[in-house]
Amino acid sequence: LDDTAKLEKTYERLVSRKLTGENVRLVDAIRLVTQSESRDALSVDDVRAASSGLESMDTTGLNPVLPNFLLGALYHLELVKTRSGLAYDAQLAEKAHRQYMLAYDQVGDNDRLLASLLTNLGALHQLTRNFGLAATYLEQRGHVGFVSAGDEAMHALELSRALYYSGEHGRSADESA
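The rules we used
Residues numbered from 1 in each chain as written. Predicted model: local features only at pLDDT ≥ 70, side-chain atom pairs only at ≥ 80, totals over all residues. Heavy atoms only, no water. Core = buried A, V, L, I, M, F, W, Y, C linked by side-chain atoms within 4.5 Å. Buried < 20%, exposed > 50% of the residue type's maximum accessible area, 1.4 Å probe, protein only. Helix = DSSP H or I, 4+ residues; strand = E, 2+ residues; numbered from the N terminus. Contact = heavy atoms within 4.5 Å. 1 Å grid on protein atoms, 1.4 Å probe; cavity = no way out; pocket = protein on both sides within 12 Å on 5 of 7 lines; lining within 4 Å. Points joined across faces, edges and corners; volume = space filled by probe spheres on them. Nonpolar A, V, L, I, M, F, W, Y, C, P; charged D, E, K, R; others polar. Phe/Tyr/Trp six-rings, centres within 6.5 Å; stacked < 30°, edge-to-face > 60°. Salt bridge = Lys/Arg side-chain N within 4 Å of Asp/Glu carboxyl O. Axes fitted to C-alpha atoms, helices over the stretch in contact; angles between N-to-C directions. Parallel < 35°, antiparallel > 145°, perpendicular 65-115°, else oblique. Left-handed = near helix turned anticlockwise from the far one by under 90°.

(A) Main features of the nonpolar core. Grouped together as the largest cluster of nonpolar side chains are 32 residues, with contacts concentrated most on Leu54, Leu74 and Leu117. Mapped onto this core, the elements with two or more residues apiece are α2 (23–34), α3 (44–55), α4 (65–82), α5 (90–106) and α6 (111–127). Apart from the residues lying within four places of it in its own chain, the contact partners of Leu74 are Val33, Val47, Ala50, Ser51 and Leu54. Ranked by size, the runner-up nonpolar core spans six residues in total, among them Ala134, Ala135, Leu138 and Leu163.

What follows is the structure, encoded as structure tokens:
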């Protein structure tokens, strides 16, 4: 069996034995969004269906960092998919921000998750044209390690752009140098 088939078999066994509890909602949401070939291939309905499952998840007794992070990412993705030009759904942006911040409060010393959260918060606030806040999150992201030189270069580009649009032209030039 390949890795995917092994994972599916293990998952089915866990569900049949009722060992997943509320986590089944998290797994179902992840499975729903990862079935598509790419993020672009996901429909808004798929994103909303995954969000809906997580919204009703009872996280009592669980560490909610992953459900909150995924829910924030789903709201963020829905925001990207439903915006029109410069117009966007402000309530959806607020929901994404709130879920990211709830995850941020729970992240602990998980640098990979922290890096992803800060990157996503920066991207969210660039999308909503709140460039000063975007720059703040992206600057914080710079203090967490990078996986590759390419990731670090992309981060510098995003930070430089946020700084430029927030009126910090000198700092923007320094970041892009």
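(B) Molecular detail of the layout of surface pockets. The computed volume of the largest pocket comes to approximately 530 Å³. In this structure, the largest pocket is lined by 18 residues; those nearest its centre are Arg39, His76, Val80, Ala123 and Leu127. Among the secondary structure elements, those contributing two or more residues to the lining of the largest pocket are α4 and α6. Its residues assigned to classes, the lining of the largest pocket shows ten nonpolar, five polar and three charged.

(C) Structural view of unusual backbone geometry. Positive phi values are uncommon outside glycine, yet Arg129 reaches one of about 60 degrees. With respect to the element layout, Arg129 can be found in the loop between α6 and α7 (131–141).

(D) Representation of the side chain of His125 within the structure. Examined against the element boundaries, His125 turns out to sit in helix α6. Here His125 falls in the buried class, since its relative accessible area comes to 8%. Apart from the residues lying within four places of it in its own chain, the contact partners of His125 are His97, Asn130, Phe131, Leu133, Ala134 and Tyr137.

(E) Region of interest: the packing of aromatic side chains. Under the defined criterion, the tally for this structure stands at three aromatic pairs. A centroid spacing of 6.0 Å and a plane angle of 40 degrees characterise the contact between Phe69 and Tyr100, whose relative ring orientation is tilted. Taken together, the residues Phe69 in helix α4 and Tyr100 in helix α5 connect sequence positions 31 residues apart. Tyr100 matches Phe69 in its accessibility class, with the two residues each being buried.

(F) Region of interest: the side chain of His76. Relative to the assigned elements, His76 resides in helix α4. Under the relative-accessibility criterion, His76 is labelled buried at 9%. Ignoring sequence-local partners within four residues, the contact set of His76 consists of Ala96, Tyr100, Asn120, Ala123, Leu124 and Leu127.

(G) Up close: the pattern of salt bridges. Tallying each qualifying case throughout the model produces five salt bridges. Arg48 is the partner of Glu78 in a salt bridge, and the nearest nitrogen-oxygen pair spans 2.6 Å. Here Glu78 is found in helix α4, whereas its partner Arg48 is found in helix α3, with 30 residues between them in sequence. Under the relative-accessibility criterion, Glu78 is labelled buried at 9%. Arg161 is the partner of Glu158 in a salt bridge, and the nearest nitrogen-oxygen pair spans 3.2 Å. Placement of both Glu158 and Arg161 in helix α8 (residues 149–165) is noted, with a separation of three residues, approximately one turn of the helix. By relative accessible area, Glu158 is classed as partly exposed at 25%.

(H) Fine view of the environment of Leu79. Looking at the element boundaries, Leu79 is found in helix α4. Along the primary structure Leu79 and Asp89 are separated by ten residues, whereas in three dimensions their C-alpha atoms are 6.7 Å apart. If near-sequence neighbours (up to four positions away) are discounted, Leu79 is found in contact with Tyr88, Asp89, Leu92, Ala93, Leu124, Leu127 and Thr128.

(I) Structural detail: the packing of helix α1 (residues 3–16) against α2. Orientation of α1 relative to α2, taken along the N-to-C sense of each, is 150 degrees, at an axis distance of 12 Å. Relative to α2, α1 is oriented roughly antiparallel. As for the relative orientation of α1 and α2, their crossing is left-handed in sense. Touching Glu8, Tyr11, Glu12 and Val15 of α1 are Val24, Val27, Asp28 and Arg31, all from α2.

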